[in-house]
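Secondary and tertiary structure notes
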Amino acid sequence: MATLISVLKQYRYAIAGFLLLVLILGYVAWDRGFRQLPQPDWVFADEDTRYKYGSIGAEYDAGIPYWIFQVLPRVFPEKLPGPGGYASLGVPWEEGHELPIGFAKKTIGFARVGNNCAVCHTAQYRLNGEDKPVFVPTGPGHTSNVEGFFTFLIECAKDPRFNAENILPQILLSTKLDWIDTLLYKYFIIPITRKRLLEMEYQFTWMFNPEYPHWGPGRDDPMNLTKYFIIGVEPPDDGTHGPTDFPAIWHLAKYKNTPNTDNPKRLNYAGDTWDAESVVIDSALGIIGAEPKDLNQFNATMVWLEQYLSAYPAPKYPLPVDADKAALGKVIYDKVCAACHAAVGDKVGRPLPIAEVNTSPERLATWGKDYAIKANRIVTEAGIARRGLVEEDPIGYKVPYLYGLWLRAPYLHNGSVPTLRDLLTPAQQRPTSFYRGYDVLDAANVGFVTSGAKAEAAGTYFDIQGKGNSNQGHEFGTDLPEEEKNQLLEYLKTL
């Protein structure tokens, strides 16, 4: 009997020990793999900093482990477009910051890096090549090569050197990991990261289609991204390609409609979205690439972001303006441009039939009513309430407001016209190729410098012959005398 009691005690001790071990292992797994820590206080010191570096939740499913993110340019420098690591992708990068604008660092078990809206919607400019860049939150990120970033990550994952044997030593040169984190990186974090990046390649099938031109800096293919990443359309290349410039998202309050209006203002280039709330939510979901893990936190962040974007003003032109010439230009603007673009008009913010503007129709072909219905259903099923996407086939491009027009080059929805002066030139006489992504202002022509050795070194070659790259259409004001064009350009700088 005593022997049986002793055996039972030993059995209980063994069970208790096993359960304790399970609890310890479970805690370690939670602590090092899933425990979420708040971002540091400096991220929330002011609204602009929060916009540039605050998390919107992308680190859970679309994030890259921080230390892998840091060492990839050292391990695979040849897969970047040039020297300088991630800076070669044109991402806006403030001095003194460890990450570019639009890259949020957050600890969820281990430090991760995810994108936010600022990576595509922060403009930068310089008055000359020797100046430091000025960064404008909510502006169009005309230098950011998002396609290059995705391509770099995927090409790294396809390389057989993407393994713990090569990457872990580089991480240990940069930081000290304890034995638990070392094992996690070696056996879990590095292999899983590679696996997820390789899976992402399939969803980007159309982006890698050699028959389509590269997006290049300052552009993406937004509705195809929605189709293939949110809706899950198969196969992820239906023959459409609609490269589109990153828009300015400042002063979204201008899109607020009078209740029950018959012809409401819309957002997105083709008027695909009903209101600012919807476009903010849908854009964030596109970055996250999955349902939000914390719906309450996501909703709170979206409320803050919409308020921030609604109130943020368009920037003023940074150089002197000839007031007399601008006053004459205002008269020309009222005669030639205001019928469509006047802020109080009935056309601005609404789609204009493609036959009236005659710009490239390729962006319109990427989207339609059925896709909008499916996307709205998916978002609703995720428990997110918003008015959503317009459940109609697009008819043309939305007439844009012209606030901050001087900083929104290149022009047209696809960024195919380098400067405003070029836009006032007959389509057949516009440049057929130029370099996108250089950030020095072209004050004479209103836009950015797009030719010359420095523009070629910093930018990416753009050719209007590529699918979706046409520079045709919008031939308004092209017959004005040269002096009147100069006057109009001077006025447009003031908007």
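Scroll up for the structure.
Conventions and cut-offs
Residues numbered from 1 in each chain as written. Predicted model: local features only at pLDDT ≥ 70, side-chain atom pairs only at ≥ 80, totals over all residues. Heavy atoms only, no water. Salt bridge = Lys/Arg side-chain N within 4 Å of Asp/Glu carboxyl O. Helix = DSSP H or I, 4+ residues; strand = E, 2+ residues; numbered from the N terminus. Buried < 20%, exposed > 50% of the residue type's maximum accessible area, 1.4 Å probe, protein only. Polar contact = N/O pair within 3.5 Å; in protein donor to acceptor, adjacent residues only side chain to side chain. Contact = heavy atoms within 4.5 Å. Axes fitted to C-alpha atoms, helices over the stretch in contact; angles between N-to-C directions. Parallel < 35°, antiparallel > 145°, perpendicular 65-115°, else oblique. Nonpolar A, V, L, I, M, F, W, Y, C, P; charged D, E, K, R; others polar. 1 Å grid on protein atoms, 1.4 Å probe; cavity = no way out; pocket = protein on both sides within 12 Å on 5 of 7 lines; lining within 4 Å. Points joined across faces, edges and corners; volume = space filled by probe spheres on them. Phe/Tyr/Trp six-rings, centres within 6.5 Å; stacked < 30°, edge-to-face > 60°. Lys NZ or Arg CZ within 6 Å of the ring centre and 35° of its normal.

1. Topic: the pattern of salt bridges
Side-chain pairing between opposite charges can occur once the charged atoms of the two side chains come close. Tallied over the entire structure, the rule returns 22 salt bridges. Among the salt bridges present, the one from Lys-79 reaches Asp-159, with a minimum N-O distance of 3.4 Å. With Lys-79 in the loop between helix 3 (66-75) and strand 2 (103-108) and Asp-159 in the loop between helix 4 (146-158) and helix 5 (164-174), this pair connects stretches of sequence that are 80 residues apart. Residue Lys-79 is classed as partly exposed on the basis of its relative accessible area of 25%.

2. A look at the side chain of Thr-143
Here Thr-143 shows up in the loop between strand 5 (134-137) and helix 4. Of note is the side chain of Thr-143, whose polar atom sits 2.7 Å from the backbone oxygen of Gly-90. With residues up to four places along the chain from it excluded, the contact list for Thr-143 reads Leu-89, Gly-90, Gln-124, Pro-217, Gly-218, Gly-437 and Asp-439.

3. Focus on the packing of helix 3 against helix 5
The description of two helices packed together rests on the angle between their axes and the distance between the axes. The N-to-C vectors of helix 3 and helix 5 enclose an angle of 110 degrees; their axes lie 9 Å apart at closest approach. Overall, the two elements helix 3 and helix 5 adopt an arrangement that is roughly perpendicular. On helix 5, the residues touching Trp-67, Ile-68, Val-71, Leu-72, Arg-74 and Val-75 of helix 3 are Ile-167, Gln-170, Ile-171, Leu-173 and Ser-174. Class assignment for the residues of the contact of helix 3 with helix 5 results in eight nonpolar, two polar and one charged.

4. Describing the layout of surface pockets
Of the voids in this model, the second largest pocket is the one considered here, and its volume is about 730 Å³. Considering the residues around the second largest pocket, the lining is formed by 32 residues, among which Ala-87, Ser-88, Leu-89, Gly-90 and Ala-458 are closest to the centre. With four residues, the single largest contributor to the lining of the second largest pocket is helix 4.

5. Digging into the packing of aromatic side chains
For the structure shown, the criterion picks out 27 aromatic pairs. Taking the centre distance of 5.6 Å and the plane angle of 65 degrees together, the rings of Tyr-435 and Tyr-461 count as edge-to-face. Of this pair, Tyr-435 sits in strand 10 (residues 433-436) while Tyr-461 is found in strand 13 (residues 460-463), placing the two residues 26 residues apart along the sequence. A relative accessible area of 21% places Tyr-435 in the partly exposed class. Members of the aromatic cluster, connected to one another through ring pairs, are Phe-69, Tyr-86, Phe-103, Phe-149, Phe-150, Phe-152, Phe-204, Trp-206, Trp-215, Tyr-228 and Phe-229. Stacked on the ring of Phe-110, the Lys or Arg Arg-112 has its end atom at 4.3 Å from the ring centre. When the ring centre of Trp-274 is taken as reference, the NZ or CZ atom of Arg-387 above it lies at 4.0 Å.

Bear in mind that shape data such as this cannot, by itself, settle questions of function.
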